[in-house]
Amino acid sequence: MGKDKLRKWKENATFSHVFEPDLKDIVDGATLHRGEWGKRVFGNDRPITLELGCGKGEYTVGLARRHPDRNFIGVDIKGHRFWRGAKTSQEEGLANVAFLRTKIEFVQNFFGPDEVSEIWLTFSDPQPKDDRGTKRITSEVFLRRYQHFVQPGGLIHVKSDSELLYELSKAGWEEAGFPILEDSRDVYGDLVHRVDGNFADVLRIRTYYESRWLEEGKNIHYLRTRA
Ligand SMILES: C[S@@+](CC[C@H](N)C(=O)[O-])C[C@H]1O[C@@H](n2cnc3c(N)ncnc32)[C@H](O)[C@@H]1O
């Protein structure tokens, strides 16, 4: 076990805005704060945005800085990764940020009907062998699950380096009747120049994985639909 990971896990346990329920309990059907994130965690009923597969939580923290009137929850199975976002949000006194350690397959255990207003899926694993879309968290299969807790019409944003993920997600959405509200194969060469300034600023939030792909000269893709 790396010392650095252990240190981050220990510090996560001290953060009041980090939630790490026992995965075994969740698999057995336990829930946590389901339908009550506003009341119990944030102390208000402002809209909630999720970043699923958040890694270090750059979108969670970046959006929270820009929108103090909204709440943001980063979700990932790897707590040592989102430790970064948890630490930064604590240091900056961002009261509108939380992190949840769980598998996205069980995200329905945490959020009730209409509890979430928006989702960001940032540089998700493309899962090239997943023909049925049961592992790719941007697939129509996952979107149907997200519909259980995203408000009708709530936006779902995908940012990815992967041509494969982009193509498979887009085709799956179209076939399943999820409208393609926006799409681009080149966020920085195309999309940021034709959206409004505020959204261009959001698109320029750069995640850890994104920086790595940009260094390799890859184009960044974007897709948007609604629940
Ligand atoms: C390629 S990384 C991207 C991380 C971050 N969004 C970024 O852009 O830097 C994918 C992330 O998704 C998480 N992840 C993958 N599958 C997951 C699952 N089924 N449940 C929860 N987290 C998952 C991984 O732990 C990892 O942090």
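For the structure itself, consult the block above.
Residues numbered from 1 in each chain as written. Predicted model: local features only at pLDDT ≥ 70, side-chain atom pairs only at ≥ 80, totals over all residues. Heavy atoms only, no water.

Some thoughts on the pattern of salt bridges
Next, step 1: Under the definition given, this model contains 17 salt bridges.
Next, step 2: Two residues, Arg185 and Glu163, come together in a salt bridge whose shortest N-O distance is 2.3 Å. Of this pair, Arg185 sits in the loop between β7 (182–184) and α8 (187–194) while Glu163 is found in helix α7 (residues 163–176), placing the two residues 22 residues apart along the sequence.
Next, step 3: Its relative accessible area of 38% is what places Arg185 among the partly exposed residues.
Next, step 4: Using a relative accessible area of 38% as the deciding quantity, one classes Glu163 as partly exposed.
Next, step 5: The salt bridge partner of Asp183 is Lys170, with a shortest N-O separation of 2.7 Å. (Salt bridge = Lys/Arg side-chain N within 4 Å of Asp/Glu carboxyl O. Helix = DSSP H or I, 4+ residues; strand = E, 2+ residues; numbered from the N terminus. Buried < 20%, exposed > 50% of the residue type's maximum accessible area, 1.4 Å probe, protein only.)

Some words on the packing of aromatic side chains
Next, step 1: Evaluated as defined, the whole model comprises 11 aromatic pairs.
Next, step 2: Ring centres 5.5 Å apart and planes at 90° place the aromatic pair Tyr208 and Tyr209 in the edge-to-face group.
Next, step 3: Owing to a relative accessible area of 38%, Tyr208 belongs among the partly exposed residues under this scheme.
Next, step 4: Ring-pair connections join several aromatic residues into one group, and the members of that group are Phe19, Trp37, Phe111, Phe142, Tyr146 and Phe149.
Next, step 5: Over the ring of Trp213 we find Lys218; its NZ or CZ atom is 4.1 Å from the centre of that ring. (Phe/Tyr/Trp six-rings, centres within 6.5 Å; stacked < 30°, edge-to-face > 60°. Lys NZ or Arg CZ within 6 Å of the ring centre and 35° of its normal.)

Topic: the layout of surface pockets
Next, step 1: Considered as a void within the structure, the largest pocket measures approximately 670 Å³ in volume.
Next, step 2: Lining the largest pocket are 28 residues, and of these Gly53, Asp76, Arg81, Ser124 and Asp125 sit closest to its centre.
Next, step 3: The element contributing the most residues to the lining of the largest pocket is helix α10 (residues 208–215), with three residues.
Next, step 4: Within the lining of the largest pocket, the residues separate by chemical class into nine nonpolar, seven polar and 12 charged.
Next, step 5: Put simply, the second largest pocket is a space of about 230 Å³.
Next, step 6: Forming the walls of the second largest pocket are 15 residues, and the residues nearest its centre are Leu63, His67, Glu118, Phe199 and Val202.
Next, step 7: For the lining of the second largest pocket, the secondary-structure elements that each account for two or more residues are α4 (58–66), β5 (116–122), β6 (150–160) and α9 (197–203).
Next, step 8: By residue number, the principal contributor to the lining of the second largest pocket is α9, which donates four residues.
Next, step 9: The residue makeup of the lining of the second largest pocket, split by class, is six nonpolar, four polar and five charged. (1 Å grid on protein atoms, 1.4 Å probe; cavity = no way out; pocket = protein on both sides within 12 Å on 5 of 7 lines; lining within 4 Å. Points joined across faces, edges and corners; volume = space filled by probe spheres on them. Nonpolar A, V, L, I, M, F, W, Y, C, P; charged D, E, K, R; others polar.)

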